[in-house]
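# Fold and geometry: a report
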Amino acid sequence: MSDSNENTEIGFSGGTIGYEAHGNLYLNITNKCSANCYFCVRESSDGVYGYNLRLSREPDYDEIIRELEETDLSKYNEVVFTGLGEPTCRLEVVLAITRWLHERGVRVRLDTNGHAQLMYPETDVVSELKKAGLDAVSVSLNAESEEKYEEICKPSLKGAYGSMLQFTKEAIEAGLDTRMSVVGMPEIDIDKCEKIARDLGAGFRVR
Ligand code: SF4
């Protein structure tokens with residue numbers, strides 16, 4: 001772990017796996033994704049908030065835990081799986097790290113594209129996340145219709161839009177603190193997106 005200016009980042013031999021912002025600790029465990037959104041930071045930059053989040057290899061469970069053990073987690077509002085990629089591409093690691101954090105009383109959030117049930121059809125993903133101790137989820141809604149979603153997010157899996165909405169519904173039913181988000185862009189109908197989120201019972205945020 002090293003301090004750069006007032007920011008803190010957690011590194012391992014493959015790059016930066018944790019970074020501090022907004023009073024939270026964000027975890028960057030993969031650069032993979034099941035979508036290819038044209039607005040994705042991966043297309044235009046190497047990271048966010050001045051942190052380089054390109055990984056030359058993915059950290060394994062032990063490497064993440066080793067770094068978290070050396071971090072004062074009590075100073076953060078929450079630890080958030082996010083980063084330059086889709087965390088649930090590594091669902092097993094997300095579950096294991098969530099368990100570890102939950103056992104230590106740390107609030108845990110997952111920022112996700114909501115495709116995990118399609119990626120792991122044999123697993124009841126939301127219920128596993130809940131069992132692991134996940135507190136909150138932020139799902140990228142990104143578009144008010146499947147047609148627009150396909151156009152701007154280019155998901156690699158069929159039925160991604162419907163699956164993402166279902167994931168959100170299940171997260172709410174499971175009692176997770178759930179919100180949906182969109183990127184504020186002219187081609188997105190923000191009002192319609194907000195209605196979709198509110199009708200499901202989720203919070204809503206334009207990012
Ligand atoms: S879902 Fe997120 S990480 Fe994946 S391509 Fe879209 S913006 Fe990037």
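Here the structure is a predicted model, which is why all the values come from computation and not from measurement.

### Side note on the environment of T178
Residue position: T178 is located in strand β10 (residues 177-182). Measuring from C-alpha to C-alpha, the distance between T178 and V137 comes to 5.0 Å, with 41 residues separating the pair along the chain. Excluding residues that lie within four positions of it along the chain, T178 makes contacts with V137, T168, A171, I172, A202 and G203. Looking at T178, its side chain comes within polar contact range of the main-chain oxygen of L176, at 2.8 Å.

### Describing the environment of T98
Within the element layout of this structure, T98 appears in helix α3 (residues 91-103). For T98, a relative accessible area of 0% translates into the label buried. Taking the C-alpha atoms as reference points, T98 and L134, 36 residues apart in sequence, are found 6.3 Å from one another. T98 has contacts with F81, V108, A132, G133 and L134, leaving out every residue within four places of it along the chain.

### Re the UniProt feature "domain: Radical SAM core" (unreviewed entry) in the protein chain
UniProt tags residues 19-207 as "domain: Radical SAM core" (unreviewed entry). Between the first and last C-alpha atoms of residues 19-207 the distance is 19 Å; the span itself is 38% helix and 18% strand.

### Description of the pairing of strand β9 (residues 136-140)
Most of β9 is tucked away: five of the five residues are buried. Along β9, one buried face is formed by A136, S138 and S140 and the opposite face, lined by V137 and V139, is buried too. Note that strand β8 (residues 108-112) and β9 share four bridges and pair parallel. The partner of R109 across the bridge, within β9, is A136. Inspection of the sheet shows β9 paired to β10 by five bridges, in the parallel sense. Within the sheet, the bridge partner assigned to S140 lies in β10 and is S181.

### Thoughts on the pairing of strand β11 (residues 203-206)
Sheet topology places β10 next to β11; four bridges connect them, and they run parallel. Across the sheet, the residue bridging to S181 is R205, located in β11. Running through helix α8 (residues 190-200), the crossover from β10 to the neighbouring parallel element β11 is right-handed.

### Structural notes on the site of the ligand
With respect to spatial proximity, the complete set of residues near the ligand consists of C33, A35, N36, C37, F39, C40, R42, G85 and N113. Its residues assigned to classes, the shell around the ligand comprises five nonpolar, three polar and one charged.

### Digging into the nonpolar core
Residues L68, L73, I97, L101 and L129 are the most contacted members of the largest nonpolar core, which totals 54 residues. Top element by residues in this core is α3. It accounts for seven residues. Ignoring any residue separated from it by four or fewer positions in sequence, one finds L68 in contact with L25, L27, L73, I97, W100 and L101. A21, L53, V80 and L84 belong to the second largest nonpolar core, which has seven residues in total.

Cut-offs applied
- Residues numbered from 1 in each chain as written.
- Predicted model: local features only at pLDDT ≥ 70, side-chain atom pairs only at ≥ 80, totals over all residues.
- Heavy atoms only, no water.
- Helix = DSSP H or I, 4+ residues; strand = E, 2+ residues; numbered from the N terminus.
- Contact = heavy atoms within 4.5 Å.
- Polar contact = N/O pair within 3.5 Å; in protein donor to acceptor, adjacent residues only side chain to side chain.
- Buried < 20%, exposed > 50% of the residue type's maximum accessible area, 1.4 Å probe, protein only.
- UniProt positions renumbered as here; feature names shortened; annotations may be inferred.
- Pairing = 2+ DSSP bridges.
- Right-handed = clockwise from strand over helix to strand, strands pointing away.
- Near = heavy atom within 4 Å.
- Nonpolar A, V, L, I, M, F, W, Y, C, P; charged D, E, K, R; others polar.
- Core = buried A, V, L, I, M, F, W, Y, C linked by side-chain atoms within 4.5 Å.

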